[in-house]
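Geometric and topological summary
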Amino acid sequence: MDALADDLERLDAAAVTAGVEALAESGTPLDELLDATLLPAWDRVDARCRAGEADAAVAGAAAALARRAIVGSSRLAARAPAGAQGPLTVVSPPGPADLLRSEAAAEAAASVGWLVQQVNGADPAGELAAYIRTRRPEAIVVTAHDPADLLCLLPVIGVAHDQGIPVLSWGPAFGATGQRGRRIGADGWARNLQEMLATLTAWRDRVPELVAPLPLPAAHAELERLRPALVQAGLGAGETTWARRAAPALVDQLVAAVVFEEPGLLGTHLERERRGPADDARVVALVDAVASALPSTAGAARDYAVHARDELRRSLLGAPRPLHGGDGGGLGGVGGAHAGQVFADLLLLAALSCQTQLALLSVPQAGGQWRTLSYGFEVRTGLDDRRLFDLIASRREAVEIPDLAVHPDLVRSPLALPPHNLRWAYGVALRHTDGPVLGVVLVLDRWLRQVSRREQRALSAVARQAADRLAQLRRGPAAGGPAAGSGAPLGAPALPAAPQHDPLSGLVSLRRAGSMPDGQQLLRSHEVAVLFDVTERTVINWAASGKLPSLRTIGGHLRFRREDVLELLDGRSNGLRARRSS
């Protein structure tokens, strides 16, 4: 993917085509070629353009090269006779990522004999209406990359339904289960291109009953009325080229969050903005300006914007994010919010010590299910992967999965599929002494790699701390009794191996911005104390005595380099093994 991104940025058409053909000839499915290779490579080019590191026009030209490479792929060259099925129309918004998906859908359908027409203009509904009048398609496929673009597909679905034509949705914008597609009236949803083709074939024999879209909430009309004022308020936060693009985009995301009742869409969008050319302060100013322009009568829209602004401010100040959901539930058992922060620190340390940005901690629940706390994931969907957690929990030793994409039991894992596209995983079952499994902790990566001995020892130390904390939560402050002040117990009876109180109840996913920005290699004294299971005062004494090298910030706070912490952890582990052997 790195090589392909470089070829796209150089606009090397021959190299891009050769790379895509090599993947296609190796049997890589078109879905994987698109979601695990082409789109991430193009995203990297787009990020460099947005950050001002490459000419802004390169992103559009690179997307055009990627589309041409899909069309020219030798695997797709041998097709059934044109017109054997169809016609079929593929509709998408006009963005580069959307056009890539549209091209993939069109090529997949054409490869099995569909006569395909693509509609990707600024007014797809108008273009579709004109096309239907001249060439009535058997079905419409709508695809989109960003949930904020789904509302422009609502009139497309209306035009198709007026003519009795069914609509199938495909793409990440529709949600992990297609729920947003159903919301706007799509008659079906496909997880991948194979499902898309199978559904279209089934529809030829039996046209599905057309689905009516749900009415838009009243707040949508209010937001559309306020849109000019909100965009103007956003522009007032910084009259720059960036603001002229970012202000309307933020309002679009806010509208989508309200329509689909998913405030997380706003947070995900802001994480992307922070990786762009604007500094964090400017992003906060933009969100603050839009939130302040929303009247108190705006209801959910104002709540979402204010919450996103406060979360962004909190992350920039370095304060820990709240570890409870909107229902007020928190950590059951001992320690309450303090225990929640401990688990947050342990996950951060697991990711940092293994040089990755993704980590999971999950505990078993009644009925064989799992409850998961995550670090570094922008989307929570699909994180409770029972098959993966059961595999790790069944082993006494640590489990390394070199490639999820080819593992016989995990190839269809939601973690291996979009939007996560993970390849490598390394996990440890959490046990207190020789007792039952309390949970699992694992680190993951989107690239193939191997775990080093130092990383193995570091994750083992994290696992011991997590197991001890979970065992403490399971016992409660008094043996045989529930923890004082704990939340409500689980609705279903717990398995014998599960904590009496769900230690992850109500927790939200932890993002990198919370306490460890991308690229930062420094730890706070509290985080080091959690890893070594000592008091913070002990860590401060280590720094004063020179046992653990340290730095101080401008404000006088202690910070510790990752390598120095891991070296000391190695020394303690080796000393413990030597004492045990003697």
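What this report covers is the structure whose coordinates are included nearby. The shown structure was predicted, so the numbers you read here are calculated from the model rather than taken from an experiment.

1. Examining the side chain of Gln-253
Among the structural elements, Gln-253 can be located in helix α11 (residues 241-259). Looking at Gln-253, its side chain comes within polar contact range of the side chain of Asp-146, at 3.0 Å. Apart from residues no more than four positions distant in its own chain, Gln-253 is found in contact with Asp-146, Ala-148, Leu-265, Leu-266, His-269 and Arg-272.

2. A short note on the packing of helix α12 (residues 264-274) against helix α13 (residues 280-293)
With their axes 9 Å apart at the nearest point, α12 and α13 run at an angle of 145 degrees to one another. As α12 packs across α13, the resulting crossing turns out to be right-handed. In this structure, α12 uses Leu-270, Glu-273 and Arg-274 to contact α13, whose residues at the interface are Asp-280, Val-283 and Val-287. Its residues placed into classes, the contact of α12 with α13 shows three nonpolar, no polar and three charged.

3. So, the nonpolar core
Soluble globular proteins tend to pack their nonpolar side chains together in the buried interior. Core analysis: the largest hydrophobic core is formed by 57 residues, its most contacted members being Leu-153 and Leu-294. For this core, the elements supplying multiple residues, two or more each, are α6 (124-134), β3 (139-143), α7 (154-162), α10 (218-236), α11, α12, α13 and α14 (300-316). Here this core takes 12 residues from α11, the largest share from any one element. Not counting residues up to four positions away in its chain, the partners in contact with Leu-153 are Val-91, Pro-93, Val-142, Thr-143, Ala-144, Phe-174 and Ile-184. Membership of the second largest hydrophobic core comes to 49 residues, among which are Leu-361, Val-451, Leu-531 and Phe-532.

4. Considering helix α5 (residues 96-111)
Its 16 residues place the ends of α5 22 Å apart at the C-alpha level, agreeing with the 22 Å of an ideal helix rising 1.5 Å per residue. With 14 of 16 residues buried, α5 is to be regarded as a mostly interior element. A positive phi of about 105 degrees marks Gly-113, the residue just after α5.

5. Some remarks on the pattern of salt bridges
Applying the stated criterion to the full structure yields 14 salt bridges. Where Asp-252 meets Arg-227, a salt bridge forms, and the shortest distance between an N and an O atom there is 2.6 Å. Taken together, the positions of Asp-252 in helix α11 and Arg-227 in helix α10 put the pair 25 residues apart, joining distant regions of the chain. Using a relative accessible area of 22% as the deciding quantity, one classes Arg-227 as partly exposed. Note that Arg-245 is salt-bridged to Glu-273, the shortest N-O span being 2.9 Å. Of this pair, Arg-245 sits in helix α11 while Glu-273 sits in helix α12; the two residues are 28 residues apart in sequence, bridging distant segments of the chain. Given the relative accessible area of 2%, Glu-273 is considered buried.

Definitions and limits used
Residues numbered from 1 in each chain as written. Predicted model: local features only at pLDDT ≥ 70, side-chain atom pairs only at ≥ 80, totals over all residues. Heavy atoms only, no water. Helix = DSSP H or I, 4+ residues; strand = E, 2+ residues; numbered from the N terminus. Polar contact = N/O pair within 3.5 Å; in protein donor to acceptor, adjacent residues only side chain to side chain. Contact = heavy atoms within 4.5 Å. Axes fitted to C-alpha atoms, helices over the stretch in contact; angles between N-to-C directions. Left-handed = near helix turned anticlockwise from the far one by under 90°. Nonpolar A, V, L, I, M, F, W, Y, C, P; charged D, E, K, R; others polar. Core = buried A, V, L, I, M, F, W, Y, C linked by side-chain atoms within 4.5 Å. Buried < 20%, exposed > 50% of the residue type's maximum accessible area, 1.4 Å probe, protein only. Expected span 1.5 Å × (residues − 1). Salt bridge = Lys/Arg side-chain N within 4 Å of Asp/Glu carboxyl O.

Function cannot be read off these values alone, since they describe shape.
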